[in-house]
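# Summary of the model geometry
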Amino acid sequence: MFELYRRLKWVYQKFQLSTWVPFVALVSYTIFGAFLFKSFEMENDQQARERYRNKTTYAMDQVLERMLEVRCHDPALRDSDKEYQVLERMLEVRCHDPALRDSDKEYQRSLPTVRKGELAEEILRLFFFQLKHAKEALVWFLEQLNLTEVINERTEDTPWTWLGSMFYAGQLYTTIGYGYPTTSTTAGRVASIFYILFGIPIFLIILKDIGRLMSRGLRKLYKRLRGSREKIVQSRT
């Protein structure tokens, strides 16, 4: 890598290239890397996120179903659960006595439609009441374990867009390594290794130019401040 850096530096000095040439080369190299990593990682990452999203949704639904079967010791919830169970059993009761069954049919025919609708609405209200509290309890549990951030991170949109891929390429040749995003395919990991070999020398050349410009600017600033100070001292004397 350092041998490649020396060769690039020699070419840069030999042909007296402009300061902007390495910068343009680095930007072009970043765009090339973004195209490379986006091609390798985007489709695979989208599929993995879709699978995780489906598994998470299925697991949440299953947990909610299990939680609705649990009996609660909270008086308010327990009373509403009893009401729901009573109403549910009332709708499921079937009489086998012919006389009672006939009278039950007559009662059902004579029962106002509005009353039937109110009964169904009451059952639905109690069901959604239980479902709401079950969801709140599940969300609270996930937040206590800091799992909501993990779920959101793994179910949000893929980071392998053009901007995200350029950000990953910049992490490689600057050797920062934030750890997000990361490659998951073999092709992407191999490409990252070879991408670093050429990216770091180009970045070092730019760093050297930036350091030289900063040093030159600081020297000029120091000379101006020193000259201003000398003028102030001379004016006082």
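These numbers come from a predicted model, not from an experiment.

Glancing now at a nonpolar patch on the surface. Taken together, the side chains of Phe-23, Val-24, Val-27, Ile-31, Phe-35, Trp-162 and Met-166 present a nonpolar region at the surface, about 630 Å² in accessible area. For the nonpolar patch, the elements supplying multiple residues, two or more each, are α2 (20-69) and α7 (162-174). Broken down by element, the nonpolar patch gets its largest block of residues, 5 residues, from α2. Counting through the fold element by element, Met-166 comes out in helix α7.

Note on soluble globular proteins: their nonpolar side chains tend to be buried together. In terms of nonpolar packing, the biggest core is built from 13 residues, with Leu-26, Phe-37, Tyr-168, Leu-172, Tyr-173 and Tyr-195 touching the most fellow members. Listing elements by their share of this core, those giving two or more residues are α2, α7 and α8 (186-236). No other element matches the 5 residues that α8 contributes to this core.

Our next topic: the packing of α7 against α8. How two helices pack is summed up by the angle between their axes together with the distance between the axes. Axis separation between α7 and α8 bottoms out at 7 Å; the angle between their running directions is 65°. Relative to α8, the element α7 lies roughly perpendicular. Considering how the two elements wind past one another, α7 and α8 form a crossing that is right-handed. Where α7 approaches α8, its residues Tyr-168, Ala-169, Leu-172, Tyr-173 and Thr-174 are matched on the opposing element by Ser-192, Tyr-195, Ile-196, Gly-199, Ile-200 and Phe-203.

Looking now at the pattern of salt bridges. Counted under the stated rule, the structure contains 2 salt bridges. For Glu-50, the salt bridge is made with Arg-53, and the minimal N-O distance between the two is 2.6 Å. You can see Glu-50 and its partner Arg-53 sitting in helix α2, 3 residues apart, about one turn around the helix. Look at Glu-50 and you get partly exposed, because its relative accessible area is 37%. Looking at Arg-53, the relative accessible area reads 28%, which means it is partly exposed.

Moving on, we get to the UniProt feature "transmembrane region" (unreviewed entry) in the protein. Residues annotated by UniProt as "transmembrane region" (unreviewed entry) correspond here to residues 20-37, 160-180 and 192-210. With 62% helix and 0% strand, residues 160-180 has end C-alpha atoms that lie 10 Å from one another. With 100% helix and 0% strand, the stretch residues 192-210 has end C-alpha atoms that lie 26 Å from each other.

Here we take up the packing of aromatic side chains. Across all of its chains, the model carries 8 aromatic pairs by this definition. When the ring of Phe-167 is compared with that of Tyr-178, the centres are 5.7 Å apart and the planes differ by 10°; the resulting orientation is stacked. One end of the pair, Phe-167, is in helix α7; the other, Tyr-178, is in the loop between α7 and α8, and 11 residues separate them in sequence. Judged by its relative accessible area of 58%, Tyr-178 falls in the exposed class. Linked through ring pairs, Tyr-29, Phe-32, Phe-37, Trp-160, Tyr-168 and Tyr-195 together constitute an aromatic cluster. Sitting over the face of the ring of Tyr-52, Arg-154 holds its NZ or CZ atom 4.0 Å from the ring centroid.

So, how was this worked out
Residues numbered from 1 in each chain as written. Predicted model: local features only at pLDDT ≥ 70, side-chain atom pairs only at ≥ 80, totals over all residues. Heavy atoms only, no water. Patch = residues over 30% accessible without salt bridge, like charges linked within 9 Å, V, L, I, M, F, W, Y side chains within 5 Å. Areas by Shrake-Rupley, 256 points an atom, 1.4 Å probe, with all protein chains shown as cover. Salt bridge = Lys/Arg side-chain N within 4 Å of Asp/Glu carboxyl O. Helix = DSSP H or I, 4+ residues; strand = E, 2+ residues; numbered from the N terminus. Core = buried A, V, L, I, M, F, W, Y, C linked by side-chain atoms within 4.5 Å. Buried < 20%, exposed > 50% of the residue type's maximum accessible area, 1.4 Å probe, protein only. Axes fitted to C-alpha atoms, helices over the stretch in contact; angles between N-to-C directions. Parallel < 35°, antiparallel > 145°, perpendicular 65-115°, else oblique. Left-handed = near helix turned anticlockwise from the far one by under 90°. Contact = heavy atoms within 4.5 Å. UniProt positions renumbered as here; feature names shortened; annotations may be inferred. Phe/Tyr/Trp six-rings, centres within 6.5 Å; stacked < 30°, edge-to-face > 60°. Lys NZ or Arg CZ within 6 Å of the ring centre and 35° of its normal.

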